[in-house]
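Remarks on the overall topology
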Amino acid sequence: MENLEKIFEETYNTKPTLKYISPARINLIGEHIDYNGGMVLPAAISRYITALVSKRDDDLLCFKSTAFEKVEKRHLSDLKFNPKYDWANYGFGIFYMLIKEGYRIEKGLNILITSNIPLGSGLSSSASFLNLIGFIANDVYEFGFDMKTIASRSVEVENKYCGLKCGIMDEAAIALGEKDKCLLLNCDNFTYKLVNLNLGKYKFVVLQTNKPRKLTESKYNERVDECQKSLKLLKEVYKDIHNLCDLRSDKLDEIKEILNDDILFKRVRHCITENERVYAFKDALEKGNITKIATLLDLSHKSLKEDYEVTGLHLDTIVEAAKASKAIASRMTGAGFGGCAIALVDEDKFDKFKEKTAKLYFEKTNIIPDIYMVDIVSGPKKIEE
Ligand code: GLA
């Protein structure tokens, strides 16, 4: 922290006066169905972006990250998207949207961030950053937003300002997260319920493949488009559906005929069965049925691999390695195409698990993974010192 304060002073020539944190998230189950009106079950985890902040007397908004050299500065009156601002666009985007909505912000901020959430790895560093900036703006300018409003604005910035057609899961999971609970989120109407994470001696472990993800955005948007195309075809027959997740698996034979396209059918089958797995998972959690929980996690990965086709060599290899190293279950989490998987592991056996999984993964990919246990934590916070 002292070091961070020093960087702040060197960057901005003044002391920080405020400090905030925002966590990462994992998704336990319900993958790639938030943008299909499905149910998802994510949780905020103990990896954080930390921000030091001071208020400015002029209209400049300044971002600096310890991961990058440059300070990104812009006037509050000139915040249109510009790719040259790269990562800082998420921060500028929040202010752009607030001003567009009519909120008066006359004086800017100095912001320095540091993060132990790996970038672009499926733990939602971008959603965490967006929520963090929304949270900071709300606190500094005293707008009085609730966390749901902050999350919704973050999604809007990601969709409309940054151009990723993502759903609401990540922003909601981070904004509304609570310690030792997961969020049962209905992505059709943005209602939610917190569910106790009752896992006994088992802990969630993050398996970071460390495979750089390049195609994520285009591939992600391609899946969204395939789902939209399928929905259009299905709506011609099922007049009262709004989303793919309004359908149930007893209709799959019929759906296959209507779509008459193998790829589209596989995408839809994933969405429908994954949505049903979320309900089953919630029941199993409430009953403390670990065996059932494990089976559902494994089935989710299989469906993402075979039907939705978003896993790839690195995620499949690390999931297999985890299973061979005595994880009771493992699956990819987030968008896929590289990034991270999660595993459920007996806490006492973690060290052995880590060593064996890393070894098996390295043998096949030549990449050293990062493997760590995580706690389930609450959302963005102001740190009073
Ligand atoms: C990314 C998106 C989310 C969600 C997941 C897949 O994390 O940001 O909205 O679609 O992928 O479940």
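Residues numbered from 1 in each chain as written. Predicted model: local features only at pLDDT ≥ 70, side-chain atom pairs only at ≥ 80, totals over all residues. Heavy atoms only, no water.

1. Details of the packing of helix 9 (residues 290–306) against helix 10 (residues 313–324)
- Helix 10 packs onto helix 9 with a crossing angle of 155° between their chain directions and a minimal axis gap of 12 Å. With respect to helix 10, the axis of helix 9 lies roughly antiparallel. In terms of crossing hand, the pair formed by helix 9 and helix 10 is left-handed. Between helix 9 and helix 10, the residues in contact are D298, H301 and K305 and L315, D316, V319, E320 and K323, respectively.
- When its residues are assigned to classes, the contact of helix 9 with helix 10 shows two nonpolar, one polar and five charged. (Axes fitted to C-alpha atoms, helices over the stretch in contact; angles between N-to-C directions. Helix = DSSP H or I, 4+ residues; strand = E, 2+ residues; numbered from the N terminus. Parallel < 35°, antiparallel > 145°, perpendicular 65-115°, else oblique. Left-handed = near helix turned anticlockwise from the far one by under 90°. Contact = heavy atoms within 4.5 Å. Nonpolar A, V, L, I, M, F, W, Y, C, P; charged D, E, K, R; others polar.)

2. As for the site of the ligand
- Taken together, R25, E31, H32, D34, Y35, C166, G167, M169, D170, Y220, G334 and A335 make up the full set of residues adjacent to the ligand.
- Measuring from an oxygen atom of the ligand, one finds a side-chain N or O atom of D34 at 2.5 Å.
- D170 places a side-chain nitrogen or oxygen 2.6 Å from an oxygen atom of the ligand.
- Coverage of the ligand by the protein chains reaches 95% of its 310 Å² of free accessible surface. (Near = heavy atom within 4 Å. Polar contact = N/O pair within 3.5 Å; in protein donor to acceptor, adjacent residues only side chain to side chain. Areas by Shrake-Rupley, 256 points an atom, 1.4 Å probe, with all protein chains shown as cover.)

3. As for helix 10
- An ideal rise of 1.5 Å per residue puts 16 Å on 12 residues; helix 10 measures up with 16 Å between its terminal C-alpha atoms.
- Within helix 10, burial applies to H314, L315, D316, T317, I318, V319, A321 and A322.
- Of the surrounding secondary structure, the elements contacted by the buried residues of helix 10 are strand 8 (202–208), helix 9, strand 9 (329–333), strand 10 (340–346) and helix 11 (350–365).
- Taken from the residues just after helix 10, K326 is the one with a positive phi, measuring 75°. (Expected span 1.5 Å × (residues − 1). Buried < 20%, exposed > 50% of the residue type's maximum accessible area, 1.4 Å probe, protein only.)

4. Description of helix 5 (residues 169–176)
- The element helix 5 is largely enclosed, with a buried count of eight among its eight residues.
- Of the positions making up helix 5, those classed as buried are M169, D170, E171, A172, A173, I174, A175 and L176.
- Lining the buried residues of helix 5 we find strand 1 (18–29), strand 2 (39–55), helix 3 (125–141), helix 4 (147–161), strand 6 (181–186) and strand 7 (191–196).

5. Regarding the sheet that holds strand 9
- The antiparallel open sheet is built from four strands, whose spatial order is 9-10-8-11. Single-partner strands in this sheet number two, and they are strand 9 and strand 11 (370–373). Across this sheet, the average inter-strand angle for adjacent strands is 25°, counted without regard to direction.
- Pairing of strand 8 with strand 10, which is carried by seven bridges, proceeds in the antiparallel orientation. Across the sheet, residue Q208 finds its bridge partner in strand 10, namely C340.
- In this fold helix 10 packs onto strand 8, strand 9 and strand 10, with an angle of close to 160° to the strand it touches most, strand 9. (Pairing = 2+ DSSP bridges.)

6. Topic: the pairing of strand 6
- The buried fraction of strand 6 amounts to five of the six residues, a majority that puts the element mostly inside the structure.
- When strand 2 meets strand 6, the two strands line up antiparallel, connected through two bridges. Residue M39 lies in a different strand from strand 6, and its bridge partner there is N186.
- Looking at chain direction, strand 6 and strand 7 are connected through six bridges and run antiparallel. Paired with L185 across the strands is Y192, a residue of strand 7.
- Where strand 6 folds back on strand 7, the antiparallel hairpin that results is connected by four residues, among which F190 adopts a positive phi of roughly 50°.

7. Brief notes about the pattern of salt bridges
- The full count for this structure, using the stated rule, is 28 salt bridges.
- Between E286 and K193 there is a salt bridge; the shortest N-O distance is 3.8 Å. Of this pair, E286 sits in helix 8 (residues 262–287) while K193 is found in strand 7, placing the two residues 93 residues apart along the sequence.
- Taking the relative accessible area as the measure of exposure, E286 reaches 44% and is therefore partly exposed.
- Among the ionic pairs, K302 bridges to E306, the shortest N-O distance being 3.3 Å. In this pair, K302 and E306 both sit in helix 9, four residues apart, roughly one turn of the helix.
- On the accessibility criterion, K302 (43% relative accessible area) is partly exposed.
- The exposure class of E306 is partly exposed, given its relative accessible area of 39%.
- Three or more residues are tied together by salt bridges with common partners; here these are K219, E222, R223, E226, K266, R267 and E309. (Salt bridge = Lys/Arg side-chain N within 4 Å of Asp/Glu carboxyl O.)

8. Comments concerning the environment of S152
- One can find S152 in helix 4.
- Separated by 21 residues in the primary sequence, S152 and N131 have C-alpha atoms spaced 9.3 Å apart.

9. Some thoughts on unusual backbone geometry
- Unusually for a residue other than glycine, H32 sits at a positive phi of about 60°.
- Along the polypeptide, H32 turns up in the loop between strand 1 and strand 2.
- Its identity as a non-glycine residue notwithstanding, E142 has a phi of 50°, on the positive side.
- Tracing the chain through its elements places E142 in the loop between helix 3 and helix 4.
- Given the relative accessible area of 69%, E142 is considered exposed.

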